[in-house]
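Per-entry structural report
The chain contents come next:
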Amino acid sequence: MAAYAQDYLKSVVPSQLISERGSNLVVINPGSANVRVGFAHQQVPFSVRHCIARYFKPRSDGSRHSFLQDEMLNCKASAPQNLERERAYDIIASLLKIPFLDEDAPSSSLPPKMGRVDSFVPQQGRSDSAFTWTNVKEKVSKSHQTDESTSTALLNSEEYKYREIIFGEDALKISPSEPYCLRRPIRRGHFNISQNYSFQQVCEDLIAIWNWILTEKLNIHLKDRSSYSAILVLPETFDNREIKEMLSIVLRDLRFSTAVVHQEGLAAAFGNGLSTACVVNIGAQVTSVICVEDGVAIPATTLTLPFGGEDISRCLLWAQRRRQTWPNIPTDPLHKPVDLLMLNKLRETYCQIREGGYDGIAVVHSYEQDKPVSTHKTKLSSLNVPPMGLFYPKIFAHEEYSPPPRSWFNDSEDMLEDQWNMEYAGGNVGLGIWDSYYPVYPTRLKKYDNVGLAEAIVSSILSTGRIDLQRKLFCSIQLIGGVASTVGLVPAVEDRVLHAIPSNEAIDTVEVLQSRSEPSYVSWKGGAIIGILDFGREAWIYREDWVKNGIHVGSGRKYKDSYFLQSQAMCYYNA
């Protein structure tokens, strides 16, 4: 096989290689807010909001009840002392050389360092098209049969009914007055399991979302999927049971013939053509850091930070309200998905990191139940403060959740040799819900609640313990994820990381490498490349073996690193 692969690679051109070997490979890269799916030979994947809305029959008493309310029943914005958030704001303000939170802006109408609307190219190209709620009705035809003496007539009529399931961004744009339950199966890098959202429901929703994408976007129907293989590119946040369940979904439910799992950070390095890098993934809800050396992920360097782009968006709203620049409208991104959509677009369009005052004129909307959507033109201020929260996370306010039910941790088919050591504890904040419930192994993923991005990068790289590798990694930082495209983030990371390195370390250079692909899907691209170049397929899992035999401990085919299954595909046994 190796000799054949070498001869084939010598004779084939890259475009032919991708076309021939990528046409039956489907790459799936799930995240908390979006899932990216596509054929390995595609240049760009389909990016779909990772959510689903299901129709439910209203109660007979006419009262309204939605799953979104159920899901968020025990979810609220945590309330760190306002003093802490204000102090973080003022620290950022002093660095950016802008007024403190309780100070007024300079009296001149256009300070030298104030950003004008016409100076920011992305704003010029944006469209303020009229907003419309998702159409939740679909047309159905009914045939009515009538008997008149000996003849039978069929009369066709049309009527409308509620769509049973709605996917993607359309699900987020359903009017609050409609009878739908909004569900988001992954939150903060884990299955979104709670007392109100069972493990079975999470899996059913993942199956439905992914099946809809495969059918509607890739035109791969269930009966044809035995001709295709799946590549799962999974974030470092997922634990072993979650990985196992997603493999079962792909092989058992979606009926792919074979599948393999790859680690998101490692795939990102391949996507940018790097063998050694410190990969920093700033997603919508979680930020992770991992170091890769010579094409191998180093588990001990992996850590996560419980914040991402959505926290920046919510901070943007908080800052505007504190500066009294937000219209008097009931914007609530935690409980109204359409408000979070609006704030995310404002953040992507206006926020950037730069010194000096930076304001902008924006159009914001008010989406209230049973009222027309209203439009407000307003001047947003301090637009460079929210993204600096990546370095000073105390300015963010995380959600509070009730913990998952204890039954979630009773895995009768544990994939590790060691048994889980579970200690039941009280409530938690943000990603902290997993800290008391998930066993922490020495090489297991580390999570930090109040550590900034620069300190996390420094900690990850220095944990390698070798000065030659450390120097190489500090000069090979790779930013991926949607937030990585924020204007001014690269120089800010270089500057903050350099200043965070302890003075006794013999390192004086920090460099962030430019991404060769769009940062939001470079991991997906890397997964496609790995799959195409994997001729031996020794780590691939066959559907029949997985469904019939599952996983068994103690014999046969086993990969070296059972703590990080993403890096070695899977603890898989062909029993």
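I will try to describe carefully the structure that is included in this document. Just so you know, these numbers come straight off a predicted model, no measurement behind them.

Calculation rules
Once a new chain begins, its residue numbering starts again from 1 and follows that chain's sequence as written. Local features are withheld for residues below a pLDDT of 70 in this predicted model, meaning they are given only at 70 or higher, and side-chain atom pairs are given and counted only at 80 or more; totals for whole chains, interfaces and linings count all residues. In computing side-chain properties, one takes all heavy atoms of the structure into account and sets aside hydrogens as well as water. Helix and strand assignments come from DSSP, with helices taken as H or I runs of at least 4 residues and strands as E runs of at least 2, each series counted from the N terminus. Buried residues are those whose accessible area, probed at 1.4 Å on protein chains only, stays under 20% of the maximum for their type, while exposed residues exceed 50% and partly exposed ones sit between those limits. Any N or O atom pair separated by 3.5 Å or less is treated as a polar contact, with the protein-specific requirement of one donor-capable and one acceptor-capable atom, and with residues adjacent in sequence counted only for side-chain atom pairs. Whether two residues touch is decided by their heavy atoms; if any such pair falls within 4.5 Å, the residues are in contact. Axes, fitted as lines to C-alpha atoms, cover a helix only where it is in contact. Angles between the N-to-C directions of the axes lie from 0 to 180 degrees. Orientation labels follow simple angle bins: below 35 degrees gives roughly parallel, above 145 gives roughly antiparallel, 65 to 115 gives roughly perpendicular, and whatever is left gives oblique. Take a side-chain nitrogen of Lys or Arg and a carboxyl oxygen of Asp or Glu: if they are within 4 Å of each other, that pair is a salt bridge. When DSSP finds two or more bridges between two strands, those strands count as paired.

On to the side chain of Asn 344, then. Within the fold, Asn 344 resides in helix H11 (residues 337-350). Judged by relative accessible area, Asn 344 falls into the buried class, the value being 7%. Within the structure, the side chain of Asn 344 is placed 2.6 Å from the side chain of Ser 313, a separation counted as a polar contact. If sequence neighbours within four positions are ignored, Asn 344 has contacts with Gly 309, Glu 310 and Ser 313.

As a further point, take the packing of helix H10 (residues 309-322) against H11. Close contact between H10 and H11 brings their axes to 9 Å; oriented N to C, the two are set at 90°. As far as their axial angle goes, H11 and H10 are roughly perpendicular. Between H10, through Gly 309, Glu 310, Ile 312, Ser 313, Leu 316 and Leu 317, and H11, the contact on the second element is made entirely by Leu 340, Leu 343, Asn 344, Leu 346 and Arg 347.

Proximity of charged atoms lets side chains of opposite charge pair with each other. Within this structure, the stated rule accounts for 17 salt bridges. Notably, a salt bridge pairs Glu 169 with Arg 49, separated by 3.5 Å at the nearest N-O pair. Of this pair, Glu 169 sits in helix H6 (residues 168-172) while Arg 49 sits in strand S3 (residues 46-49), placing them 120 residues apart in sequence. Each of Arg 49, Glu 169, Lys 173 and Lys 345 takes part in salt bridges that share partners, so that together they form one network.

Pairing within the open sheet is mixed, and its six strands lie in the order S3-S2-S1-S12-S13-S24. Here the strands that pair on one side only, and so sit at the sheet edges, are S3 and strand S24 (541-542). By the bridge criterion, four bridges tie strand S1 (residues 25-30) to strand S12 (residues 229-234) in an arrangement that is parallel. Bridge assignment links Val 27 to a residue of S12, and that residue is Ile 231. The strands touched by helix H9 (residues 264-271) are S1, S12 and strand S13 (258-263); relative to S13, the strand with the most contacts, the crossing angle is about 85°.

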